[in-house]
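# Descriptive structure summary
So the chains spell out like this:
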Amino acid sequence: MLYQPFDILVSLLTAVRLTLALVQAPALPGAQAISSADRVYVGDQSSNTVSVINPATNQVLGTIALGSSRLTDILNPQYVRPSINTHGLGFSRDGRFINVVSVASNTVTVIRTSDNSVVSESYVGRAPHEAFFSPDNRTVWVGTRGTSQVDIVDGLIGGVVGHVETADGPSKVLFSPDGRTAYVNHIRSPTIDIVDVHLRRVVDQITGLADKFSSDMMLSPDGRSLWAAHKMVGKVSVMDVSARRVVAVLDSGPETNHPNFITSKNGTLFGWVTVASLNETKIYRQDKPSAIPVYVGAVKASGIEPHGIWPSPDNTRMYIVNEHSDTLDVVDASSLQIVKTLHVGQEGQAVVYVAGAVTIGNGTSNLSSQGLNRQTTNKIVSIPAGGSALVTVRGLQGLDMFQVIGRSLEFNTTYTAYASTLLGHVEIPLVDFMPNPPTGNATGPGCGTAPQHKNILKIGGAIVIIGLAHGFSRPSRPHSGENTAGEGIWGVAGLAQPYGELQNDETLTLQSVEWTLAEQAPRNLGPYKGTIGALWPNQCTGQERVIGHRMLRPYAPSSGRPRESVFISGPLPQDNEPVCSPYVEACVAAAQESCDKIYDAQCSLRAGVADLPRMSKVLQNERLFALINESHAAMYKTQLAEEVEPQITELTNRAEKGIKQLERKENVLTSKLDAARASSRASTAPSIAAKKLNVLTKQREALEKELQSLSDEVERLEGQLMA
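Predicted, not measured: the structure shown is a model, and the values here were computed from it.

Each helix and strand counted, the chain has five helices and 39 strands in total. Per-residue burial for the chain yields a buried fraction of 49% across its 723 residues. Intrachain contacts of the chain at a sequence separation of at least 6 include 56% that bridge at least 24 residues. For the chain, the exposed area adds up to about 34200 Å²; of that, 54% sits on carbon and sulfur atoms.

In structure tokens, the structure reads:
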């Protein structure tokens, strides 16, 4: 490969940067200040992007698009990019590269920080979560939750080049400051695996963690304290790395996400932990690795569900992404005040700070605006049976996402979420589900959880979604005589509260509603307001549920008499002539039945395409065998023999000559050995001849080994010729 002047210049600048001892966060006191050459990156899961921020100006420069946003054309039969659902982030210690884990496509993408270009894309094991560059700044170690091993990827050329066998469900990999040791947490084992980086094998374990499910962890800047977060039970295991033991378990709160560290000027360690259900980041002081951390305060998030967190190297700023508000809070680490809130990509997960990422230019090459400035609305609803639920409506590209997070579900209970129109009192069931058994050490009433489930539907610009309710206890409908003009309107609607949070019982304003009858022009009915209802009961410990896709044909408002059918009148071209009821209620019931059938078909489709990525990769092998006739095979064999035979003959002759020379040397050495032995009998004192004898003996042994090696080579070549 020929290196261009630009590559040479980058290499020189990298060498200078390393000479100046650039420090990455989290760091000990004394590291370099925030610079315009630094970058903050956010992994945006729904928009399938990485947001890029200049921390010196607190400016969002754009996003790195790794494919289309969630489910817009992921199932497109052509031109689907390999990376789907951006989640985990890591970086190289020299700041030249970041790695991005895409959880839906099982891929790891390496991006050059100077120009935001993709360096490599690699398929890894099932369900990867978090990954990090090893200290060699080349290999990426990936926690693959669906396996019992860490995959090692060559970040520069791509491809898996090794594995480390671990406990079940490795989730994240971190490296010690000296680069000799790696730490691995898990989602199905209450342990931390300690790995020798050079040997690539587990050499020790830390046991006794608070729960087997540890989604994230962080190592202190000095490498002496390790904190592992347990999302399902709302706890944090604090470990003394040197002692290889758990020293404390913190009751941080439901949906505990990521920990990270700030070190004060006097060397005191402060652990920051994002707690999604409380919409805050808790802060603890730990005086030494063996000490129990002490709670000192919290930072209230500006948005909903804080998730990823990362400090600046100089310990003056902490960056916290709010998953359900699509925002990033910049927090002053001294005053604990939010100094800036930035709008980033959609459904942010991980966040990292990379010092010295851009050494040349402004670092805006290859950036897009995908996922930025999209609508996001959150509402917390009360549940009649107890508890609450967070409803998030997020506008995607082409489709929208409707997401529900609840707590304290009753176990062994079926729940139905449905959509309704406030004016029409029409309920359309969307999805049925049952919670899972309690996980880990979860306590409290019910305490069942529903599995994470991501589906997409059209809300803004398609149908009016008013609320959610339990499938077996829906509000009663008014009688047909109570219908008012405008009842049952379904049509085009757009959400009117971008980046806002609705309080309980607050109305959701829709910008416009249209309805269309067959062979009639659309009518704009103007603004529409409706109250989001409740999902009841709700979930425990923060599991996510996104309601399924439902579409309805618009129908007209009632005018006091049965409306005409929207279906084509007259006989249909079938053997039987089905009769369409002229009444709204009957048509709505038929529509509900159709929606149920569509939903069943959608479930079957999902089950059918669940294995599509793997099968697509398998089917890429278009030809396994090439069949040729016997005459061609004989011809190729003859040609190969004619080509190889002269070389084999030459090697054989050389081997025979070498053997004869070795035989002559052996005879000479034997004679000298006999003479030396005779001389040794005549004199008891050591002689020069005896010393020479030892030397000659060693030479003989070396020649015998060389002879054996040549003999093996001749046999191998003869075997190839015979084959």
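The residue Lys672 is located in helix H4 (residues 630-682) in this model. In sequence terms Lys672 and Lys692 are 20 residues apart; their C-alpha atoms lie 9.2 Å from each other.

Turning next to the pairing of strand E13 (residues 181-186). In terms of burial, E13 is largely enclosed, as six of its six residues are buried. Burial along E13 is two-sided: Thr181, Tyr183 and Asn185 facing one way and Ala182, Val184 and His186 facing the other are all buried. Of the pairings in the sheet, the one linking strand E12 (residues 170-175) to E13 comprises five bridges and is antiparallel in character. Within E13, the residue paired with Pro170 across the bridge is His186.

Turning to the environment of Gly162, a few remarks are in order. Mapped onto the fold, Gly162 is located in strand E11 (residues 160-165). Given a relative accessible area of 12%, Gly162 falls into the buried group. On a C-alpha basis, the gap between Gly162 and Ile152 in space is 4.9 Å, while along the polypeptide they are 10 residues apart. Not counting residues up to four positions away in its chain, the partners in contact with Gly162 are Val150, Asp151, Ile152 and Arg200.

Moving on to the side chain of Ser215. Turning to its location among the elements, Ser215 is positioned in the loop between strand E15 (201-206) and strand E16 (216-219). Residue Ser215 is classed as buried on the basis of its relative accessible area of 7%. Aside from chain neighbours lying at most four places away, what touches Ser215 is His129, Arg145, Ser171, Asn185, Ala229, Lys231 and Asn257.

With that out of the way, let us pick up the pattern of salt bridges. A full pass over the atoms with the stated rule returns 11 salt bridges. One salt bridge in this structure joins Asp204 and Arg244, with 3.4 Å as the shortest N-O distance. Placement of the pair is Asp204 in strand E15 and Arg244 in the loop between strand E18 (235-240) and strand E19 (245-250), with a sequence separation of 40 residues. Among the ionic pairs, Glu713 bridges to Arg716, the shortest N-O distance being 2.7 Å. Residue Glu713 and its partner Arg716 are located together in helix H5 (residues 688-722), separated by three residues, close to a single helical turn. Owing to a relative accessible area of 42%, Arg716 belongs among the partly exposed residues under this scheme. Among the ionic contacts, a cluster of salt bridges with common partners joins Glu666, Arg700 and Glu704.

Here we take up the packing of aromatic side chains. Summed over all chains, the structure comprises nine aromatic pairs. Look at Trp141 and Phe175: their rings are 5.2 Å apart centre to centre, the planes differ by 80°, and that puts the pair in the edge-to-face class. Placement of the pair is Trp141 in strand E9 (residues 139-144) and Phe175 in strand E12, with a sequence separation of 34 residues. Here Trp141 and Phe175 have matching classes, each one buried. Through a chain of ring-to-ring contacts, three or more aromatic side chains come together here, namely Trp227, Phe261, Tyr284 and Tyr295. When the ring centre of Tyr295 is taken as origin, the NZ or CZ atom of Lys282, which lies over that ring, is 5.9 Å away.

Looking now at the sheet that holds strand E6 (residues 107-112). Pairing in this open sheet of four strands is antiparallel, and the strands run E4-E5-E6-E7 from one edge to the other. Strand pairing shows two members of the sheet lacking a second neighbour, strand E4 (86-91) and strand E7 (117-123), which therefore form its edges. Looking at each pair of strands side by side, their axes are set apart by 20° on average, direction ignored.

Moving on: the nonpolar core. Counting 63 residues, the largest nonpolar core has Tyr41, Trp141, Leu226, Trp310 and Leu328 as the members making the most contacts within it. Within the second largest apolar cluster, 10 residues are counted, among which are Val101, Val124, Ala131 and Val153.

This part covers the sheet that holds strand E3 (residues 59-65). Read across the open sheet, the four strands follow the order E3-E2-E1-E28; overall the sheet is antiparallel. The strands lining the two open edges of the sheet, one partner per strand, are E3 and strand E28 (348-354). Adjacent strand axes in the sheet meet at a mean angle of 20° when their direction is disregarded. Examined bridge by bridge, strand E1 (residues 39-44) and strand E2 (residues 49-54) share five bridges and lie antiparallel to one another. Residue pairing in the sheet places Tyr41 in a bridge with Val52 of E2.

Attention now moves to unusual backbone geometry. Here Ala25 and Pro26 are connected by a cis peptide whose omega angle stands at -5°. Even without being glycine, Asn137 reaches a positive phi, approximately 60°. Of note in this structure, Leu336 is not a glycine but carries a positive phi near 60°.

Among the surface-exposed residues, Ile628, Met635 and Tyr636 lie close enough to one another that they form a single nonpolar patch of about 300 Å² accessible area. Examined against the element boundaries, Tyr636 turns out to sit in helix H4.

So, on to the environment of Glu701. Its place among the elements puts Glu701 in helix H5. Note: C-alpha distance between Glu701 and Glu666 (35 residues apart in sequence) is 10.0 Å.

Our next topic: the pairing of E11. Every other side chain in a regular strand lies on the same face of the sheet, so the side chains alternate between the two faces. Strand direction decides the pairing type here: strand E10 (residues 149-154) and E11, joined by five bridges, are antiparallel. Within the sheet, the bridge partner assigned to Val150 lies in E11 and is Val164. Remark: five residues form the turn of the hairpin made by E10 and E11, two consecutive strands paired antiparallel; Gly158 in that turn has positive phi of roughly 85°.

A few words now on the confidence of the model for the chain. This prediction gives the chain a mean pLDDT of 76; 66% of its residues lie at or above 70. Every residue in residues 1-6 scores below 50 in pLDDT, and together they form two contacts with partners more than four places removed in sequence or on other chains. Low pLDDT, under 50, characterises residues 15-19; the stretch is placed with seven contacts to residues that sit more than four places away or in other chains.

Calculation criteria
- Residues numbered from 1 in each chain as written.
- Predicted model: local features only at pLDDT ≥ 70, side-chain atom pairs only at ≥ 80, totals over all residues.
- Heavy atoms only, no water.
- Helix = DSSP H or I, 4+ residues; strand = E, 2+ residues; numbered from the N terminus.
- Buried < 20%, exposed > 50% of the residue type's maximum accessible area, 1.4 Å probe, protein only.
- Contact = heavy atoms within 4.5 Å.
- Areas by Shrake-Rupley, 256 points an atom, 1.4 Å probe, with all protein chains shown as cover.
- Pairing = 2+ DSSP bridges.
- Salt bridge = Lys/Arg side-chain N within 4 Å of Asp/Glu carboxyl O.
- Phe/Tyr/Trp six-rings, centres within 6.5 Å; stacked < 30°, edge-to-face > 60°.
- Lys NZ or Arg CZ within 6 Å of the ring centre and 35° of its normal.
- Axes fitted to C-alpha atoms, helices over the stretch in contact; angles between N-to-C directions.
- Core = buried A, V, L, I, M, F, W, Y, C linked by side-chain atoms within 4.5 Å.
- Patch = residues over 30% accessible without salt bridge, like charges linked within 9 Å, V, L, I, M, F, W, Y side chains within 5 Å.
- pLDDT = per-residue confidence, 0-100.

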